[in-house]
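Commentary on secondary and tertiary structure
Letter by letter, the chains look like this.
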Amino acid sequence: MTRNGRTAAAPDPGWPQGTPLVIGVAGGSGSGKTTICASIVEQIGPDHVALVAHDAYYRHRPELTYEERTRVNYDHPDSLETELLLAHMKDLAAGRSIRQPLYDFSRHLRRPETVLVKPRPVVLIEGILILVEPELRGVMDLRVFVDTDPDMRVLRRVERDMRDRGRSFDSVVKQYLATVRPMHIRFVEPSKRYADVIIPEGYNRHAVGALVSTVREVLGRSSRV
């Protein structure tokens, strides 16, 4: 069967029947979302949790030159192929594995290879703009916003982009002032109103512990774990 130009796989034979518990983890760039999601996966177990990153779905724009791609506003919702993510969420809910894109942030292009994500009883969606999109919010059972002070977020972003994404200090600062900060004010911060849970100051051990306990309780009641 073909859907949106791609072939839908058959349900994974190891998939425990039942709709997964979908948790969205949002917050500004550098807020600590990735650390929190990694902690949830570690505590609940990778056999029970699938992690899907929204920023893996940046649009592939090979028709643009590198210089043109550097001028794209990657902090605007239009820069992400959210429709593909939504299609992938439907596949995971139906028990089908997906091939998540792999994005090369140094070249601003998708890589030819993909990442296999298998269906799990819990699906985490992580990204700065996931609470902005109404359709994406609609697939979530629990919406979390990581609320971290701007000075901490910008320092973490500078460190991450220089260390992991091959960026220069000047380019990180330029992007932060040109798009990251204004788009945070325009889109990310207002999306906090849609959160069911707000975690203050990035990785808050007690808040994350309470979230993990809630997930375990829900999964235990539904016999998904």
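The paragraphs below set out a description of the structure included in this document. The structure presented is a predicted model; accordingly, all values stated were derived computationally and were not measured.

Re the side chain of His 54
- Locating His 54 in the fold gives a position in the loop between β4 (49-53) and α2 (66-70).
- According to the relative accessible area criterion, His 54 is buried, its value standing at 2%.
- Polar contacts involving the side chain of His 54 include one to the side chain of Thr 82, which spans 3.0 Å.
- Beyond its immediate chain neighbours, meaning those up to four positions away, His 54 contacts Leu 80, Thr 82, Leu 85, Glu 126, Gly 127, Leu 129, Ile 130 and Leu 136.

Structural notes on helix α3 (residues 82-93)
- Spanning 12 residues, α3 covers 16 Å between terminal C-alpha atoms, matching the ideal 16 Å at 1.5 Å per step.
- Taken across its 12 residues, α3 has 9 buried, putting it largely inside the fold.
- Those residues of α3 that sit buried are Thr 82, Leu 84, Leu 85, Leu 86, Ala 87, His 88, Met 89, Asp 91 and Leu 92.
- At the C-terminal side of α3, Gly 95 shows a positive phi close to 85°.

Digging into the sheet that holds strand β8 (residues 142-147)
- Taken in spatial order, the 5 strands of this open sheet run β4-β7-β3-β8-β9, and their pairing is parallel. Of all the strands in the sheet, just β4 and β9 (197-200) have a single pairing partner and so form its edges. On average, each strand axis in the sheet is inclined to that of its neighbour by 20°, with strand direction left out of account.
- Those strands touched by helix α1 (residues 33-44) are β3 (21-27), β4, β7 (122-126), β8 and β9, and its axis lies near 170° from that of β7.
- Here α3 sits on the sheet in contact with β3, β4 and β7, set at roughly 170° to β7.

A few points about the pattern of salt bridges
- If you walk through the whole model with that rule in mind, you get 15 salt bridges.
- With its nearest N and O atoms 3.6 Å apart, the salt bridge here joins Asp 161 to Arg 167.
- For Asp 161, a relative accessible area of 0% puts it in the buried group.
- Its salt-bridge partner being Asp 164, residue Arg 163 comes within 2.9 Å of it at the nearest N-O pair.
- Assessed through its relative accessible area of 54%, Arg 163 is described here as exposed.
- In this structure, a network of salt bridges that share partners links the residues Asp 55, Arg 157, Arg 160, Asp 161, Arg 165 and Arg 167.

Thoughts on the packing of aromatic side chains
- Counted under the stated rule, the structure contains 4 aromatic pairs.
- Measuring from ring centre to ring centre gives 5.5 Å for Tyr 58 and Tyr 74, while their planes differ by 90°; the resulting arrangement is edge-to-face. Placement of Tyr 58 in the loop between β4 and α2 and of Tyr 74 in the loop between α2 and α3 is noted, with a sequence separation of 16 residues between them.
- Ring centres 5.3 Å apart and planes at 50° place the aromatic pair Tyr 58 and Tyr 103 in the tilted group. Highlighted residues: Tyr 58 in the loop between β4 and α2 and Tyr 103 in strand β5 (residues 98-104), separated in sequence by 45 residues. The pair formed by Tyr 58 and Tyr 103 is uniform in burial state, with each residue classed as buried.
- Among the aromatic residues, those joined into a ring-pair cluster are Tyr 58, Tyr 74, Tyr 103 and Phe 105.
- The ring centre of Tyr 194 lies 3.6 Å from the NZ or CZ of Arg 137, which sits over that ring.

About the cut-offs
- Residues numbered from 1 in each chain as written.
- Predicted model: local features only at pLDDT ≥ 70, side-chain atom pairs only at ≥ 80, totals over all residues.
- Heavy atoms only, no water.
- Helix = DSSP H or I, 4+ residues; strand = E, 2+ residues; numbered from the N terminus.
- Buried < 20%, exposed > 50% of the residue type's maximum accessible area, 1.4 Å probe, protein only.
- Polar contact = N/O pair within 3.5 Å; in protein donor to acceptor, adjacent residues only side chain to side chain.
- Contact = heavy atoms within 4.5 Å.
- Expected span 1.5 Å × (residues − 1).
- Pairing = 2+ DSSP bridges.
- Axes fitted to C-alpha atoms, helices over the stretch in contact; angles between N-to-C directions.
- Salt bridge = Lys/Arg side-chain N within 4 Å of Asp/Glu carboxyl O.
- Phe/Tyr/Trp six-rings, centres within 6.5 Å; stacked < 30°, edge-to-face > 60°.
- Lys NZ or Arg CZ within 6 Å of the ring centre and 35° of its normal.

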